[in-house]
Amino acid sequence: MESLEQYINQLTASAPRSSAFRKDISFAEWRASLTAGFIERLGGFPAQREALEPVQLERTVCSGYIRERIEITTYEGLRMALYLLIPEQPAGSPCPAVLAIHGHGYGSREITGLNADGLERTGDPGLHKDFAVALVKQGFVVAAPEVLGFGDRRLAEDLASGEPGRNSCYRLSSALLMAGQTMAGYRIYETMRALDYLQERKEVDGERIGIMGISGGGLVAGFTAALDERISSAVVSGYANTFQASILTRHHCLDNYIPGILLEAEMPDLLGLIAPRGLFLEAGDADHLFGPAGVREALERLEQIYAAEGHGGQLAADFFTGGHEIHGEPAYAWLLKQLAGPQE
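Let me begin by describing the structure that accompanies this report.

Thresholds applied
Residues numbered from 1 in each chain as written. Predicted model: local features only at pLDDT ≥ 70, side-chain atom pairs only at ≥ 80, totals over all residues. Heavy atoms only, no water. Core = buried A, V, L, I, M, F, W, Y, C linked by side-chain atoms within 4.5 Å. Buried < 20%, exposed > 50% of the residue type's maximum accessible area, 1.4 Å probe, protein only. Helix = DSSP H or I, 4+ residues; strand = E, 2+ residues; numbered from the N terminus. Contact = heavy atoms within 4.5 Å. Pairing = 2+ DSSP bridges. Axes fitted to C-alpha atoms, helices over the stretch in contact; angles between N-to-C directions. Parallel < 35°, antiparallel > 145°, perpendicular 65-115°, else oblique. Left-handed = near helix turned anticlockwise from the far one by under 90°. Nonpolar A, V, L, I, M, F, W, Y, C, P; charged D, E, K, R; others polar.

1. Topic: the nonpolar core
Here is step 1: In this structure, Phe38, Leu99, Leu198, Phe223, Phe243 and Leu279 are the most contacted members of the largest nonpolar core, which totals 75 residues.
Here is step 2: Examining the composition of this core, we find that ten residues originate from one element, helix α6 (residues 183-198), more than from any other.
Here is step 3: Contacts of Leu198, omitting those with residues within four sequence positions, involve Leu84, Ala97, Leu99, Val141, Ala143, Val204 and Ile209.
Here is step 4: Core analysis: the next-biggest nonpolar cluster, separate from the first, contains 26 residues, Cys62, Tyr83, Ile214 and Val235 among them.

2. Some remarks on the sheet that holds strand β7 (residues 233-237)
Here is step 1: A sheet is described by the order of its strands in space; here nine strands give the open sequence β1-β2-β3-β5-β4-β6-β7-β8-β9, paired in mixed fashion. Each of the sheet's edge strands pairs with one partner strand only, and the pair in question is β1 (55-62) and β9 (315-320). Strand-to-strand, the axes of this sheet are offset by a mean angle of 20 degrees, without reference to chain direction.
Here is step 2: Sheet topology places strand β4 (residues 95-101) next to strand β6 (residues 204-214); six bridges connect them, and they run parallel. In the sheet register, Leu99 faces β6, and the bridge partner there is Ile211.

3. Concerning the environment of Leu148
Here is step 1: Tracing the backbone through its elements, the reader meets Leu148 in the loop between β5 (141-145) and α4 (156-159).
Here is step 2: On the basis of relative accessible area, Leu148 is assigned to the buried category, the value being 10%.

4. Re the side chain of His252
Here is step 1: Structurally, His252 is set in the loop between β7 and α8 (261-264).
Here is step 2: Take His252: its relative accessible area is 11%, and that puts it in the buried class.

5. Points about the packing of helix α2 (residues 27-42) against helix α7 (residues 216-227)
Here is step 1: Following both chains from N to C, one finds α2 and α7 inclined at 130 degrees, their axes separated by 10 Å at the closest point. Considering their axes alone, α2 and α7 lie oblique with respect to each other. Judged by the twist between their axes, the crossing of α2 over α7 is left-handed. Together, Arg31, Thr35, Phe38, Ile39 and Leu42 of α2 and Phe223, Ala226 and Leu227 of α7 make up the contact between the two elements.
Here is step 2: Taken together, the residues that form the contact of α2 with α7 break down as six nonpolar, one polar and one charged.

6. Some words on the environment of Arg31
Here is step 1: Assignment of secondary structure puts Arg31 in helix α2.
Here is step 2: Placed 242 residues apart in sequence, Arg31 and Leu273 show a C-alpha to C-alpha distance of 6.2 Å.
Here is step 3: Non-local contacts of Arg31, meaning those with residues more than four positions away in its chain, are made with Ala226, Glu229, Leu273, Ala275 and Arg277.

So, in structure tokens, the structure goes:
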């Protein structure tokens, strides 16, 4: 008699993954098929995009950059705030841009050098390492959306708790699942709307846009890049793995789960939709949530996909000494190279 653990592991391991990458069909055919199945599993996206109707909420001059807080429409009846960090730059010279996606914590302020109350932070930046600020100091325009379920975008009961790090993921994810939607789908689509906004800004070169995210933000970053070809390069930190070796090995937030996704593919195949565009993985050797063995398995699969497209050099990884956290410098250098303008 199998144990319950053995039974459930076998159940997930034997799911067909019918849209996994295969060399016997063209890359374009495989990509189109998996993309369609993936979007359906996410719950689909609106057929028509709402007007963004941006409103500026704040504007602060910081050392070397300007920080704006903007609110835009994402879905009908739903608004999202984001920070826009704009580096000092020559007038009339558009910059490359990066979407910076935070993970679990207290929201977009956590990656922009602020406390949960919006005041400047002077203490430990935590696992996020203020990476949105690090990116703007590299010369990128940076958009840091307030991911649904965090910060200002929590349910009233969580906002009233007085606990900045308390999120609304479980109740929101549950409601979306009951309505045939997913939290992953909502967060991916809202990130696409932030990209829509970035492309409207005169400071941004719309042909040079990347994305970087950590943990749950890594899910959003990787899968948004997979489904939106306007993103030319992606950094996925503390997430790229296999489902079997990561979220299925322990209790995780409900926002990680996409119904029926293993009927389509494993995580590396989904991230492989980014090919032949640039993909960079960050992985700490002591990451207890998305461990290095699973990352290496994912990387091996991704190398096969990129090699099949003849673009192996567009895939890179940084295995660093550390935990579930942003590492930074190698990823920033890679983004700078990826998003550099035409050489004079």
